[in-house]
Amino acid sequence: MLSILIPTYNYNCFDFVYTLNQQALTAKIEYEIIVADDCSSTPVQENKNINTLPNCSYIELDQNIGRAEIRNLLADKAQYNCLLFLDCDSEIVYENFIERYLNCCSDKQQLICGGRLYKTKAPEDKQLFLHWLYGSKRE
């Protein structure tokens, strides 16, 4: 029913995937969560634990294929027609996020586009600041 697809690069997303997995289990739906690492320069060992979660898989690519192509690869690997793409650095702000998402899905819907909530305080990391500034103003 639902394929949750998460590209990652140099980021620990285990806790994020764990939370999504718990919500999907609670919703009692058919689902899968696939996380694909786009050949991280510094692989995150904790992400390998994603393979221990029910209905979850973690794959590491041998070469970096980029943001668009990794999403296409994830879509190709998905076994369900309903695809939910999430960024690896996302946080779940609703305890019933999966249920809320599923309530928006129907056979008539072909695309659901969500948004992103940014923290009110700017990150101290200078590399993340521009992303935060632009995203908080535009989204």
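Keep in mind that what you see is a predicted model, and the values were worked out from it rather than measured.

Trainee: Even after reading the chapter, I still don't get the environment of Y11, so can you show me in this structure?
Mentor: In this fold, Y11 is placed in the loop between β1 (2-8) and α1 (14-27). Taking the relative accessible area as the measure of exposure, Y11 reaches 35% and is therefore partly exposed. Sequence separation between Y11 and D37 is 26 residues; the distance between their C-alpha atoms is 8.9 Å. Apart from the residues within four sequence positions on either side, Y11 is in contact with V44, N47, C88 and D89.

Trainee: Help me understand the packing of α1 against helix α3 (residues 97-104) in this model?
Mentor: Geometrically, a packed helix pair is captured by the angle between its two axes and the distance between the axes. Following both chains from N to C, one finds α1 and α3 inclined at 60 degrees, their axes separated by 8 Å at the closest point. Between α1 and α3, the interaxial angle falls into the category oblique. Counting all contacts with α1, which are made through L20, Q23, A24 and A27, the residues of α3 involved are F97, I98 and E99. Grouping the constituent residues of the contact of α1 with α3 by class yields 5 nonpolar, 1 polar and 1 charged.

The rules behind each value
- Residues numbered from 1 in each chain as written.
- Predicted model: local features only at pLDDT ≥ 70, side-chain atom pairs only at ≥ 80, totals over all residues.
- Heavy atoms only, no water.
- Helix = DSSP H or I, 4+ residues; strand = E, 2+ residues; numbered from the N terminus.
- Buried < 20%, exposed > 50% of the residue type's maximum accessible area, 1.4 Å probe, protein only.
- Contact = heavy atoms within 4.5 Å.
- Axes fitted to C-alpha atoms, helices over the stretch in contact; angles between N-to-C directions.
- Parallel < 35°, antiparallel > 145°, perpendicular 65-115°, else oblique.
- Nonpolar A, V, L, I, M, F, W, Y, C, P; charged D, E, K, R; others polar.

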